[in-house]
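Each chain, letter by letter, is given below.
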Amino acid sequence: MYIRTIDWKDNKVRMIDQTKLPQKLVYINIDRLRDLWWAIKIMQVRGAPALGAAAAFGVYLGVKDYSGNDWLGFQRKLKQVARYAASARPTARNLFWGIERACAVALKNNKQPIFKIKQLILAEAKTIMREDMSSCRKIGFYGAKLLKHNNTVLTICNAGILATIDYGTALGVIYAACAQGKKIKVFSCETRPLLQGSRLSAWELYKQGVDVTMIADNTASSLMAEKKVDLVIAGADRIAANGDSANKIGTLNLAILCKYHKIPFYIAAPKSTFDFKINSGSGIKIEMRNAQEVTKILLKKNTAPPGVKVLNTAFDVTAHQLISAIITDKGIIRPPYIKNIRRILGE
Ligand code: MRU
């Protein structure tokens, strides 16, 4: 089944409302930056590469109705739109990267008429979408080499079709290996508190015909002890220049368990997730989210006493020493990371 997370149709961003999955596959059509900002905030769209494309479209939506004809006025509007779009969520590098690309194309063409600059921003957002489709497939191509026939992969959160345009990073590796005829089993951690593993990864893997078994997050260690996991692959929201990788809270737990159980732990992410300005994971801003995501099941039924103190940290950082390799669209990067990241990504 072909699933397309984000598209541009009839002058609107068309995307799957991920808060409705797995009950219903519903699409929403957005033509205002305000609505897009909110969709990102409440995670109707989420996952680093999908946020990159959504944010670039957001820049276009934010400037499309600007009525002036002067570059300086337009530039002021662009800066205001960029700041607003960037305030939706703090951790995924791709969100900022998408905004930066949209702004850079405007700056580079600042001698053009304003209507033309707007068209170029929209074209750049579409290019980001197309590039993601191709780079995820490259990640799949490189990563599939690490998977053997009959391997069992454990994953967390959703780094699949729903976190990208139409293929996935960590799950893209699994799709590519399956397409090569390898038999692959997947354990999908449910991923408390918002259950991206059960609601999204289990849903899309199942739809793609992959042999997926959902587990509660705290099952991972015992499965590893029973030698039922061959490798772990997770996505990333932001990767520092030394390879430290931020991803959904609980990823670090898995990396530490892998070290103990001597299981390879891989991160899969495109070049656009790397932040070369940040030397190590300690520089990555970690999103803190609403307590109710933890005290209620999917913001509905109470699972904790009202008023109890809550810490809802959305991401954690896995130190590069715990990562066996980073699977990127430019190839597989192995330690020593500082040197090899620059060499393979060409920065
Ligand atoms: O809070 P989310 O659902 O946006 O978190 C997403 C993740 O942690 C993904 O693993 C990451 O963005 C990589 S997506 C290819």
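Notes on the structure follow. (Residues numbered from 1 in each chain as written. Predicted model: local features only at pLDDT ≥ 70, side-chain atom pairs only at ≥ 80, totals over all residues. Heavy atoms only, no water.)

### Digging into the nonpolar core
- Of all hydrophobic cores here, the largest spans 51 residues; its most connected members are Ile-6, Met-15, Val-45, Phe-74, Ile-99 and Ile-121.
- Of all the elements in the fold, those that place two or more residues in this core are β1 (6-9), β2 (12-16), β3 (27-30), α1 (33-41), α2 (48-63), α3 (71-86), α4 (93-108) and α5 (114-143).
- The element contributing the most residues to this core is α2, with 12 residues.
- Not counting residues within four places of it along the chain, the set of residues in contact with Phe-74 comprises Val-63, Tyr-66, Ala-106, Ile-114, Ile-117, Lys-118 and Ile-121.
- By size, the runner-up hydrophobic cluster in this structure holds 33 residues, among which are Ile-161, Tyr-167, Leu-171 and Ile-327. (Core = buried A, V, L, I, M, F, W, Y, C linked by side-chain atoms within 4.5 Å. Buried < 20%, exposed > 50% of the residue type's maximum accessible area, 1.4 Å probe, protein only. Helix = DSSP H or I, 4+ residues; strand = E, 2+ residues; numbered from the N terminus. Contact = heavy atoms within 4.5 Å.)

### A closer look at the site of the ligand
- As a matter of local geometry, the ligand sits amid 18 residues, with Arg-46, Ala-48, Arg-89, Asn-247 and Lys-248 nearest to it.
- Within the contact set of the ligand, an oxygen atom lies 2.9 Å away from a backbone nitrogen or oxygen of Ala-48.
- At a threshold of 2 Å from the grid points, most atoms of the ligand map onto the largest cavity.
- For the shell around the ligand, the secondary-structure elements that each account for two or more residues are α2 and β9 (245-248). (Near = heavy atom within 4 Å. Polar contact = N/O pair within 3.5 Å; in protein donor to acceptor, adjacent residues only side chain to side chain. 1 Å grid on protein atoms, 1.4 Å probe; cavity = no way out; pocket = protein on both sides within 12 Å on 5 of 7 lines; lining within 4 Å. Sits in = over half its atoms within 2 Å of the grid points.)

### Focus: the layout of surface pockets
- Considered as a void within the structure, the largest pocket measures approximately 550 Å³ in volume.
- Split by residue class, the lining of the largest pocket holds nine nonpolar, four polar and seven charged.
- Looking at the lining of the largest pocket, you find at least three residues from each of domain 1 (6-136) and domain 2 (142-345).
- As a volume, the second largest pocket reaches approximately 250 Å³.
- For the second largest pocket, the lining is made up of 16 residues, of which Trp-97, Glu-131, Ser-135, Ser-272 and Asp-329 are closest to its centre.
- Elements represented by at least two residues in the lining of the second largest pocket include exactly α2, α4 and α5.
- Broken down by element, the lining of the second largest pocket gets its largest block of residues, six residues, from α5.
- Each residue belonging to the lining of the second largest pocket can be placed in one class, and the counts come to four nonpolar, five polar and seven charged. (Points joined across faces, edges and corners; volume = space filled by probe spheres on them. Nonpolar A, V, L, I, M, F, W, Y, C, P; charged D, E, K, R; others polar. Domains from an automatic or database assignment.)

### A look at the packing of helix α6 (residues 170-179) against helix α7 (residues 196-207)
- Running from amino to carboxyl end, α6 crosses α7 at an angle of 15°, the nearest separation of the two axes being 12 Å. In this view, α6 runs roughly parallel relative to α7, as classed from their interaxial angle. For α6 against α7, the interelement crossing comes out right-handed. Taken together, the residues of α7 that come into contact with α6 (itself represented by Leu-171, Ile-174 and Tyr-175) are Ser-201, Glu-204 and Leu-205. (Axes fitted to C-alpha atoms, helices over the stretch in contact; angles between N-to-C directions. Parallel < 35°, antiparallel > 145°, perpendicular 65-115°, else oblique. Left-handed = near helix turned anticlockwise from the far one by under 90°.)

### Considering the sheet that holds strand β7 (residues 231-234)
- With respect to topology, seven strands assemble into an open sheet ordered β6-β5-β4-β7-β10-β15-β16, the strand pairing being mixed. Edge positions in the sheet fall to β6 (211-215) and β16 (331-333), since each has one partner strand and no second. With strand direction ignored, the average angle separating the axes of adjacent strands in the sheet is 25°.
- Looking at chain direction, strand β10 (residues 265-268) and strand β15 (residues 325-328) are connected through three bridges and run parallel. For Ile-267, the partnering residue across the bridge sits in β15 and is Ile-326.
- Packed on one face of the sheet, helix α11 (residues 337-345) meets β15 and β16 and runs near 165° to β16. (Pairing = 2+ DSSP bridges.)

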